[in-house]
Amino acid sequence: MGILFAAIAYCAWGLSPLYFRMAGFMTPLEITAQRVLWACLLCFVLLAAMGKLPLLARAVANRRLVGVLAITSAMMLLNWLLFVYAIDTRQVMSASLGYYINPLVAVLLGRLVLKEKVNPVQWAMLALAAVGVTVLGTAAANTGIWISLAIAISWGIYALLRKRNPVDSLVGFTLEILLPLPIAIGYLAWHGGGALGPAWNGLLSADLVPLLLLVFAGVITAIPLVAFGAGQSRLTMASMGLMQYISPTLQFLLATLLWGESFTSNHAIAFSCIWVAVGVFSFENWRRARRAQA
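Procedures and definitions
- Residues numbered from 1 in each chain as written.
- Predicted model: local features only at pLDDT ≥ 70, side-chain atom pairs only at ≥ 80, totals over all residues.
- Heavy atoms only, no water.
- Helix = DSSP H or I, 4+ residues; strand = E, 2+ residues; numbered from the N terminus.
- Buried < 20%, exposed > 50% of the residue type's maximum accessible area, 1.4 Å probe, protein only.
- Contact = heavy atoms within 4.5 Å.
- Areas by Shrake-Rupley, 256 points an atom, 1.4 Å probe, with all protein chains shown as cover.
- pLDDT = per-residue confidence, 0-100.
- Salt bridge = Lys/Arg side-chain N within 4 Å of Asp/Glu carboxyl O.
- Axes fitted to C-alpha atoms, helices over the stretch in contact; angles between N-to-C directions.
- Parallel < 35°, antiparallel > 145°, perpendicular 65-115°, else oblique.
- Left-handed = near helix turned anticlockwise from the far one by under 90°.
- Nonpolar A, V, L, I, M, F, W, Y, C, P; charged D, E, K, R; others polar.

A. The arrangement of the overall build of the protein in detail. The secondary structure content of the protein amounts to 14 helices and zero strands. Going from N to C terminus, the protein has its helices and strands arranged as α-α-α-α-α-α-α-α-α-α-α-α-α-α. For the protein, the residues scored as buried account for 49% of the 294 residues in total. Considering only residue pairs separated by 6 or more positions, the protein has 83% of its internal contacts joining residues 24 or more positions apart. About 13900 Å² of surface is accessible on the protein, with carbon and sulfur atoms providing 71% of the total.

Pasting the structure below:
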């Protein structure tokens with residue numbers, strides 16, 4: 001069951017560009033605000049159904065935790081906004097690259113902040129990934145490398161802070177989207193000229209497509225997170241580490257095969273470097289995990 005839950009989460013995240021492309025009648029800011037609104041509503045329903053509302057109340061009363069989650073919330077929203085922006089501007093491949101290099105960024109942040117040990121193989125893979133990023137960054141025709149780096153760094157900081165401040169995944173996520181909820185509602189009200197934006201106006205006029213897309217904004221945001229938490233609790237870190245590449249691989253395939261984004265020789269060199277780096281990195285983690293279990 002753990003593999004199934006993890007597969008659901010990573011496949012949902014990998015295929016999410018299909019949803020955001022359909023929601024293209026909204027701006028990236030509006031999509032992000034709608035995600036906050038509808039995911040918050042869905043999370044409260046899930047918390048009530050799972051009997052976890054008291055846990056949320058205790059988390060809200062913890063000022064230090066709220067302060068940390070305010071930072072992780074900002075990193076999460078920045079990551080969401082960058083991802084939707086990449087889809088809106090036809091740069092899904094850049095987003096895919098960002099999620100490929102994210103685990104390597106996490107290793108670097110762990111070394112710099114947590115003083116975790118980095119073995120020679122990991123240093124070599126970080127250097128190889130840096131070569132790939134440099135190749136794209138110096139390509140005259142490439143303008144999306146900043147998206148890749150910003151996505152990787154924002155999610156790396158998010159994961160680092162969540163690791164240092166453990167809290168129930170659903171409770172923590174609910175608080176993270178509860179904090180910016182007033183801003184999201186205010187933006188949607190302002191953007192719609194008194195209503196909650198074009199999509200909300202479609203909802204009020206009983207237009208079925210905006211209605212379904214709005215409701216699904218909460219589903220595609222919250223459900224994969226719940227599945228991820230269920231998978232993480234049942235699988236080893238090594239297994240989850242290997243499966244996490246499902247998402248950027250699906251995004252890469254969508255970008256190249258479905259939407260025909262340009263894949264130049266510079267992209268081929270950069271992605272080859274990063275694929276080798278994450279492949280060796282994942283194998284090294286898997287081997288170390290097996291030794292620890294032996």
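Now that the structure has been shown, the text picks up again.
B. Seen up close, the confidence of the model for the protein. Per-residue confidence for the protein averages 82 on the pLDDT scale, and 86% of its residues sit at or above 70. Within the protein, helix H4 (residues 63-88) carries the highest mean pLDDT (93), whereas helix H10 (residues 197-204) carries the lowest (50).

C. How the structure looks around the pattern of salt bridges. Applying the stated criterion across every chain yields a total of two salt bridges. Glutamate 176 serves as the salt-bridge partner of arginine 162, at 3.0 Å between the closest nitrogen and oxygen. With arginine 162 in helix H7 (residues 145-164) and glutamate 176 in helix H8 (residues 169-178), the pair connects residues that are 14 residues apart, well separated along the chain. Both residues of the pair, arginine 162 and glutamate 176, count as buried.

D. Local environment of the packing of helix H5 (residues 92-113) against H7. At a closest axis distance of 7 Å, the pairing of H5 and H7 adopts a crossing angle of 45°. When the axes of H5 and H7 are compared, the pair comes out oblique. In this structure, H5 crosses over H7, and the sense of that crossing is right-handed. Between H5, through Ser94, Ala95, Leu97, Gly98, Tyr99, Ile101, Asn102, Val105, Leu109 and Val113, and H7, the contact on the second element is made entirely by Ile145, Ile147, Ser148, Leu149, Ile151, Ala152, Ile153, Trp155, Gly156, Ile157, Leu160 and Arg164. Of the residues that constitute the contact of H5 with H7, the class distribution is 16 nonpolar, five polar and one charged.

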